[in-house]
Amino acid sequence: MLNRRPAPVRQQPPQSSDGLLLDVRNLKTYFHVMDGVVKAVDGVDLRLAPGSTLGIVGESGSGKSVTALTMMRLLEIPPAEVADGEIWFDGRDLLTLTDEEMRGVRGNDIAMIFQEPMTSLNPVFTVGFQIAEAVRQHQHVSKKEAWNRAIEAVRLVGMSAPERRVKQYPHELSGGMRQRVMIAMALSSNPKLLIADEPTTALDVTIQAQILELIRDLQQRTDTALMLITHDLSVVAETVQHIAVMYAGRVVETGKVDDVLLSPQHPYTQGLLSSIPGEKKRGKELSAIKGVVPNPFRMPVGCKFQPRCPFQWSRCEEEPGLIEIGGPERRSRCWLQAPEETARREAYEVAAMATVADVVG
């Protein structure tokens, strides 16, 4: 499986990237299928400092997981194509690395927790063998040392009797325990960046809370940078420092998590917030964003959210860029934030604050 494009000659990242662990610039990932080209990721920019946390939020089909898989170089090419962009990680552009160099990064410097652990774990090997195999692959230690590290990793994620658990097979563990095994495997090589792609999918509510608390605790103890992918705004509110909201393959709003959730500056973010149950909504019909994510073969002209947006007007037929709101960290891809749209922006802000009040109280 080949998963990289021909490596162009690139310059080293400019000084503005100093201090960043991850700097994704104008990333575009397309899929060439029989019906045409799907622009799954279409100009994404993300920035993450060492030891910091970032949440990527959006509906299914917004490009969250494809962005992560592109960063890990795990997409099959073709049909996938990285059409443009750069992924600077720890001073190197991952898209220019050879397959062998990328294998040294994947699992060692960047680790990933996938959505469904049962499909990620091999059913014919014990979980301890699989963790130890990952350690040997990336740390180049003896079998005994790798086995001891596997036991310690299982202990670290809070599983009882780790010496016994490492000898069990995936089917002998519950869903929550299998996800703990995946976290143990991801952290066994002390990565600089952990990508958690919907890590609580298919788990019940109490187990979800335990897994999220575990990820948050381990991230703080190990000082590993965290990228959390989810569709649940309540999850990122408790777990990350910064947030990027994605829609139709684009980032539509970014900022510190409290700023975005308490003062949303894009109608899509407001729509996601309004769909969360709140104390003031008790006994009322839940809100929903009208319509569906656009067909990737027939994307709307201009703003991709305009067919579903209650605030759209004629200017939305032009494609907006990310507009800064008081600083480079706070941005929104919406014409409401243009300096000349004061009246429309004020009307939107009244509605946005009402949404926040209904959810937060």
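Residues numbered from 1 in each chain as written. Predicted model: local features only at pLDDT ≥ 70, side-chain atom pairs only at ≥ 80, totals over all residues. Heavy atoms only, no water.

### Focus: the pattern of salt bridges
Line of reasoning, step 1. By the definition in use, this model includes 15 salt bridges.
Line of reasoning, step 2. Where R155 meets E163, a salt bridge forms, and the shortest distance between an N and an O atom there is 2.9 Å.
Line of reasoning, step 3. Owing to a relative accessible area of 38%, R155 belongs among the partly exposed residues under this scheme. (Salt bridge = Lys/Arg side-chain N within 4 Å of Asp/Glu carboxyl O. Buried < 20%, exposed > 50% of the residue type's maximum accessible area, 1.4 Å probe, protein only.)

### Thoughts on the confidence of the model for the protein
Line of reasoning, step 1. Of all residues in the protein, 93% attain a pLDDT of 70 or more, and the chain-wide mean is 84.
Line of reasoning, step 2. Averaged pLDDT values over the elements of the protein bottom out at 74 in helix α3 (residues 117–120) and peak at 94 in strand β9 (residues 242–247).
Line of reasoning, step 3. Ignoring residues within four places in sequence, the model shows residues 1–16, a span with pLDDT below 50, making 37 contacts including any to other chains. (pLDDT = per-residue confidence, 0-100. Helix = DSSP H or I, 4+ residues; strand = E, 2+ residues; numbered from the N terminus. Contact = heavy atoms within 4.5 Å.)

### Some remarks on the packing of helix α4 (residues 127–139) against helix α7 (residues 175–187)
Line of reasoning, step 1. Across the interface, α4 lies against α7 with an axial gap of 9 Å and an inter-helix angle of 20°. Relative to α7, the element α4 is oriented roughly parallel. Considering the relative orientation of α4 and α7, their crossing is right-handed. Across from V127, Q130, I131 and A134 in α4, the residues of α7 making contact are V181, A184 and M185.
Line of reasoning, step 2. Each residue belonging to the contact of α4 with α7 can be placed in one class, and the counts come to six nonpolar, one polar and no charged. (Axes fitted to C-alpha atoms, helices over the stretch in contact; angles between N-to-C directions. Parallel < 35°, antiparallel > 145°, perpendicular 65-115°, else oblique. Left-handed = near helix turned anticlockwise from the far one by under 90°. Nonpolar A, V, L, I, M, F, W, Y, C, P; charged D, E, K, R; others polar.)

### Quick notes on empty space enclosed by the protein
Line of reasoning, step 1. The tally for this structure, following the rule as stated, stands at four cavities of 30 Å³ or more.
Line of reasoning, step 2. Here the largest cavity defines a volume of roughly 80 Å³.
Line of reasoning, step 3. Around the largest cavity, the lining is made up of 14 residues, and of these P267, C303, C309, C316 and C334 lie nearest the centre.
Line of reasoning, step 4. In the lining of the largest cavity, the residues fall into ten nonpolar, three polar and one charged.
Line of reasoning, step 5. When its volume is computed, the second largest cavity comes out at roughly 60 Å³.
Line of reasoning, step 6. In terms of lining, the second largest cavity is formed by Y247, R250, V252, H266, C303, K304, F305, E319, P320 and R333.
Line of reasoning, step 7. Of the residues assigned to the lining of the second largest cavity, the class counts are five nonpolar, one polar and four charged. (1 Å grid on protein atoms, 1.4 Å probe; cavity = no way out; pocket = protein on both sides within 12 Å on 5 of 7 lines; lining within 4 Å. Points joined across faces, edges and corners; volume = space filled by probe spheres on them.)

### Describing the nonpolar core
Line of reasoning, step 1. Counting residues in hydrophobic clusters, the biggest one holds 64 residues, and the most contacted among them are I183, L233, I243 and Y268.
Line of reasoning, step 2. In terms of residue count, the dominant contributor to this core is α7 (six residues).
Line of reasoning, step 3. Apart from the residues lying within four places of it in its own chain, the contact partners of L233 are V57, I243, L261, T269, L272, L273 and I276.
Line of reasoning, step 4. Counting residues in hydrophobic clusters, the runner-up holds 37 residues, among them L22, F31, I56 and A80. (Core = buried A, V, L, I, M, F, W, Y, C linked by side-chain atoms within 4.5 Å.)

### Details of the packing of aromatic side chains
Line of reasoning, step 1. For the structure on display, the rule yields five aromatic pairs.
Line of reasoning, step 2. Between Y247 and Y268, the ring centres sit 4.7 Å apart and the planes meet at 55°, which makes this aromatic pair tilted. Of the two residues, Y247 is situated in strand β9 and Y268 in helix α11 (residues 267–274); the sequence distance between them amounts to 21 residues. When sorted by exposure, Y247 lands in the same class as Y268, which is buried.
Line of reasoning, step 3. A ring pair is formed by Y247 and F305, whose centres lie 5.2 Å apart and whose planes are at 85°; its orientation type is edge-to-face. Here F305 lies in the loop between α11 and β11 (323–324) and Y247 lies in strand β9, a separation of 58 residues in the sequence.
Line of reasoning, step 4. Three or more aromatic residues joined by ring pairs make a cluster, and in this case those are Y247, Y268 and F305. (Phe/Tyr/Trp six-rings, centres within 6.5 Å; stacked < 30°, edge-to-face > 60°.)

### What to know about the sheet that holds strand β5 (residues 92–93)
Line of reasoning, step 1. Judged by pairing direction, the sheet is antiparallel, and its four strands sit side by side in the order β2-β1-β4-β5 without closing on themselves. Two strands in the sheet have a free side with no partner beyond their single neighbour: β2 (36–48) and β5.
Line of reasoning, step 2. Bridge analysis of strand β1 (residues 22–33) against β2 gives ten bridges, and the strand direction is antiparallel. In the strand pairing of β2, Y30 is matched with K39.
Line of reasoning, step 3. Strand contacts of helix α1 (residues 64–72): β1, β2 and β4 (80–89), with the helix running at about 105° to β1, the strand carrying the most contacts. (Pairing = 2+ DSSP bridges.)

### Considerations on the side chain of Q130
Line of reasoning, step 1. Positionally, Q130 belongs in helix α4.
Line of reasoning, step 2. Taking relative accessible area as the criterion, Q130 reaches 7% and is therefore assigned buried.
Line of reasoning, step 3. Engagement of the side chain of Q130 in a polar contact is seen with the backbone nitrogen of N122, the distance being 2.8 Å.
Line of reasoning, step 4. Excluding its chain neighbours within four sequence positions, the residues that come into contact with Q130 are L121, N122, F125, P170 and M185. (Polar contact = N/O pair within 3.5 Å; in protein donor to acceptor, adjacent residues only side chain to side chain.)

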